[in-house]
Amino acid sequence: MDDWNTRTKLIHAGTRRSQYGEVAEAIFLTQGFVYDTAEQAEARFVEAGPDEFIYARYGNPTVKMFEDRIAALEGAEDAFATASGMAAVNGALTSMLKAGDHVVSARALFGSCLYILEDVLCRFGVEVTFVDGTDLAAWKAALRPDTKAVFFETMSNPTLEVVNLPAVAELAHAVGATVIVDNVFATPVFSRAIEQGADVVVYSATKHIDGQGRALGGVILGTEAFIRKTVEPYLKHTGGSMSPFTAWIMLKGMETLDLRVRAQAQTAQVMAEALQGDPRLARVIYPGLPDHPQHALASAMLEKGGTVLALDLAGGQAAAFRFLNALKIMTISNNLGDAKSIVTHPATTTHQRLDEQVRAELGITPGLVRVSLGIEDTGDLIADVKQALDAV
Ligand SMILES: *Cc1c(COP(=O)(O)O)cnc(C)c1O
């Protein structure tokens, strides 16, 4: 299996067939498992073998298939699947940190990630220093001998800043800190985060992995020791495990993940190029465009610019709202990575909680619209955006 290429792994890695030899992965929709004898139950609670399960909060064959498949894709030793992306972010951080620890985090974060780092961890005595994720000197200055972890989104939401993962990892490892990355925007297709220095990779599977807007899910990837000795005890006892039905949805999503994400990124690139220079747009932000501040880094680290672009309408919030309301194919919502193209106005929705000055620092202007490209026809999508710009 190790020498399979991505598309083969996405279809076959981790498959476990029951005695019936089913073609599609079976959904083991059961909370628990029976034992032949009392002695067998006792032995399993001491140590469960690779094909032995106890209780769905601890593990389940369908969930295990998903964990093994994504671990194979990422080149990670092991994985733990979670109920949502946030259960994964929280589980990765909380399972390894204790009072007195120090964390360095990029400031440009998804709102709920920021809540964990800014509001939750400090209540348990963890100190967090926030830095500009694109500034290596700032990372270096913030790291200390007692820094236990660094946290950042490889590509930030919604302004698509790209963090130099190999360089930050090298700085973090020099002080013995664990590198935890939220890799949603980089996607499992374009990122090789573990190879590039991440110790722990976290995904919201709700995004590209399901990719069809059906279920919340998440996953934490890392070494076998970190997943089994640190993450698993925390998550199996605190209740953040993925349901078997969700795991089945994610397994089906993975079958088409590479095809979908490549098509989405291709449309994003073509659309960004088509819109560049349009006078109604103050900025077209896309890491695949040569004028993006981290274009060279994104090309080297992620291969493509991703499936999301950001448009800053010159007319501010009023223009952004008129644009959103005029779209005919793209829908206004807040998911991303979906087969359907989705547009979001971050300043009034996902990033509403931030105060205006922080939003300004992060580049989340009143005119900014996040566009998550789906797999509809590229020409139809560009025509939709152009007619909506005309309506502005
Ligand atoms: C969506 C998202 C999350 C949270 O995932 P959920 O599945 O919604 O809990 C975390 N980080 C990033 C970057 C996201 O985009």
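Predicted, not measured: the structure shown is a model, and the values here were computed from it.

Q: Help me out: how do you make sense of the environment of Glu 161 in this one?
A: Position of Glu 161 relative to the elements: it lies in the loop between strand E4 (147-153) and helix H7 (165-174). Residue Glu 161 is classed as partly exposed on the basis of its relative accessible area, which comes to 24%. Each C-alpha atom of the pair Glu 161 and Ala 108 lies 8.1 Å from the other, and the pair is 53 residues apart in sequence. Residues within four places of Glu 161 in sequence aside, it is in contact with Ala 108, Asp 132, Thr 134, Thr 154, Met 155, Ser 156 and Gln 294.

Q: For this particular structure, what's the right way to read the sheet that holds E4?
A: If you walk across this open sheet you meet the 7 strands as E1-E7-E6-E5-E4-E2-E3, and the pairing is mixed. Whereas interior strands pair on both sides, the edge strands pair on one side only; in this sheet they are strand E1 (78-82) and strand E3 (127-131). Each strand axis lies, on average, 20 degrees off the axis of its neighbour in the sheet, ignoring direction. Across the face of the sheet, helix H3 (residues 61-74) comes into contact with E1, strand E6 (200-204) and strand E7 (218-222) while running at roughly 130 degrees to E1.

Q: Can you help me understand unusual backbone geometry in this one?
A: Trans is the prevailing form of peptide bonds, just as negative phi is the prevailing case for residues other than glycine. Cis geometry marks the peptide bond from Asn 157 to Pro 158; its omega dihedral reads 0 degrees. Along the polypeptide, Pro 158 turns up in the loop between E4 and H7. With phi around 70 degrees, Thr 187 is a residue other than glycine that occupies positive phi space. Within the secondary structure layout, Thr 187 lies in helix H8 (residues 187-190). Notably, Glu 303 is not glycine yet its phi reads approximately 70 degrees, a positive angle. For Glu 303, a relative accessible area of 44% translates into the label partly exposed.

Q: Help me out: how do you make sense of the nonpolar core in this one?
A: One recurring pattern in soluble globular proteins is that nonpolar side chains are buried together. By size, the foremost hydrophobic cluster in this structure holds 117 residues, and its most contacted members are Phe 66, Val 150, Phe 152 and Phe 323. Other than its neighbours up to four places away in sequence, Phe 152 contacts Ala 106, Leu 109, Trp 139, Val 163, Leu 165, Val 168, Val 179, Ile 180, Val 181 and Asp 182.

Q: What am I meant to see in the side chain of Asn 335 here?
A: For Asn 335, the position within the fold is in the loop between strand E10 (331-332) and strand E11 (342-344). Owing to a relative accessible area of 15%, Asn 335 belongs among the buried residues under this scheme. Excluding residues that lie within four positions of it along the chain, Asn 335 makes contacts with Thr 206, Lys 207, Gly 213, Ile 342, Arg 370 and Ser 372.

Q: Can you walk me through the site of the ligand in this structure?
A: Lining the immediate surroundings of the ligand are 14 residues, of which Gly 85, Asp 182, Ser 204, Thr 206 and Lys 207 lie closest. One of the backbone nitrogen or oxygen atoms of Gly 85 is found 2.8 Å away from an oxygen atom of the ligand. In this structure, an oxygen atom belonging to the ligand sits 2.6 Å away from a side-chain N or O atom of Thr 206. Coverage of the ligand by the protein amounts to 92% of the 390 Å² it exposes when considered alone.

Calculation criteria
- Residues numbered from 1 in each chain as written.
- Predicted model: local features only at pLDDT ≥ 70, side-chain atom pairs only at ≥ 80, totals over all residues.
- Heavy atoms only, no water.
- Helix = DSSP H or I, 4+ residues; strand = E, 2+ residues; numbered from the N terminus.
- Buried < 20%, exposed > 50% of the residue type's maximum accessible area, 1.4 Å probe, protein only.
- Contact = heavy atoms within 4.5 Å.
- Pairing = 2+ DSSP bridges.
- Axes fitted to C-alpha atoms, helices over the stretch in contact; angles between N-to-C directions.
- Core = buried A, V, L, I, M, F, W, Y, C linked by side-chain atoms within 4.5 Å.
- Near = heavy atom within 4 Å.
- Polar contact = N/O pair within 3.5 Å; in protein donor to acceptor, adjacent residues only side chain to side chain.
- Areas by Shrake-Rupley, 256 points an atom, 1.4 Å probe, with all protein chains shown as cover.

Don't take any of this as a statement about function, it's just geometry.
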